[in-house]
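As a plain string of letters, each chain reads:
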Amino acid sequence: MRASDRAYAALREDIIEWRLRPGTVLAEVEQSERLGVSRTPVREALGRLMAEGLTTAAGGRGVVVTDISLDSIDELFELRETLEVRAAALAAQRGEPGVFAELQAQLLRAPDLLSEKDPGRHEYYALVGRLDEAIDAAISNSYLAQAMRSLRVHLVRVRRLAADDAARLHAAAAEHAAIAEAIAAGNPRLAEAATTLHLHRSLTHVKAAHVAR
């Protein structure tokens, strides 16, 4: 892996996981020393992160990690609804029922993954990620799949903002299971409804967490 790719991957993960919080100044010298690379790879990495919307230029302060405001959360979820509701319907029409039936079964057991043994919820989020990947594969639309992958980068940051509330995660697992069930049944309208309900509840929770922050 090139030095610029390593720097990009490290900075991107630190931003997504909130180790680099909104407003943090990303000075080239400081980050090159921290990451063990020269300034040129860091500069290239910061440019890629800016293109993704994870960093922004802040006048004399240089490059900073972008903030997540209530307005930006609303905008993200407007786009998310447009993309994901359509994707769920397409997956119900084009997907392999057995794949989603198995995912439904796993998601119904997801509360078992939400334990103190895994405070980072890595196994749970990996399972949700497999549902996303199955939908991406089922829709047979590379443009829509790419748009959703780009959006998910920002949604992971929003998820961390909501503090991984256990009660909400249990409810979200059931909502994801309902989406998988509707897709497995080949019912586009039900898949759209299940996705819309999940997004509504997620947005309500995230905004409440943002206000309480």
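As the structure is a computational prediction, the values presented were derived from the model and not from experiment.

Student: What should I look at first to understand helix α5 (residues 97–108) in this one?
Tutor: The α-helix advances 3.6 residues per turn, and as a result positions three or four apart in sequence lie on the same side. Between the first and last C-alpha of α5 there are 17 Å, a value that for twelve residues agrees with the 16 Å anticipated at 1.5 Å per step. Here α5 has its buried residues at Phe 100, Leu 103, Gln 104 and Leu 107. Viewed along the axis of α5, the buried residues span an arc of 105°, placing them on a single side of the element. If you follow the buried residues of α5, they end up packed against α4 (70–94), α6 (122–139) and α8 (166–184).

Student: I tried to follow the nonpolar core on my own but got confused; where do I start?
Tutor: The tendency in soluble globular proteins is for nonpolar side chains to be buried side by side. Within the largest apolar cluster, 44 residues are counted, with the highest numbers of intra-cluster contacts made by Phe 100, Tyr 124, Ile 135 and Ile 139. For this core, the secondary-structure elements that each account for two or more residues are α4, α5, α6, α7 (142–161), α8 and α9 (188–212). Here Tyr 124 is in contact with Ala 110, Leu 113, Leu 114, Leu 169, Ala 172, Ala 173 and His 176, once residues within four sequence places are set aside.

Student: Would you explain the pattern of salt bridges in this entry?
Tutor: It is possible for side chains of opposite charge to pair when their charged atoms get near one another. Applying the stated criterion to the full structure yields 15 salt bridges. For Asp 14, the salt bridge is made with Arg 34, and the minimal N-O distance between the two is 3.0 Å. You can see Asp 14 sitting in helix α1 (residues 3–16) and its partner Arg 34 sitting in helix α2 (residues 28–35), a full 20 residues away along the chain. Residue Arg 34 is classed as partly exposed on the basis of its relative accessible area of 42%. The shortest N-O distance in the salt bridge between Asp 136 and Arg 149 comes to 3.9 Å. With Asp 136 in helix α6 and Arg 149 in helix α7, this pair connects stretches of sequence that are 13 residues apart. Assessed through its relative accessible area of 11%, Asp 136 is described here as buried.

Cut-offs and rules
- Residues numbered from 1 in each chain as written.
- Predicted model: local features only at pLDDT ≥ 70, side-chain atom pairs only at ≥ 80, totals over all residues.
- Heavy atoms only, no water.
- Helix = DSSP H or I, 4+ residues; strand = E, 2+ residues; numbered from the N terminus.
- Expected span 1.5 Å × (residues − 1).
- Buried < 20%, exposed > 50% of the residue type's maximum accessible area, 1.4 Å probe, protein only.
- Arc of directions from axis to C-beta.
- Contact = heavy atoms within 4.5 Å.
- Core = buried A, V, L, I, M, F, W, Y, C linked by side-chain atoms within 4.5 Å.
- Salt bridge = Lys/Arg side-chain N within 4 Å of Asp/Glu carboxyl O.

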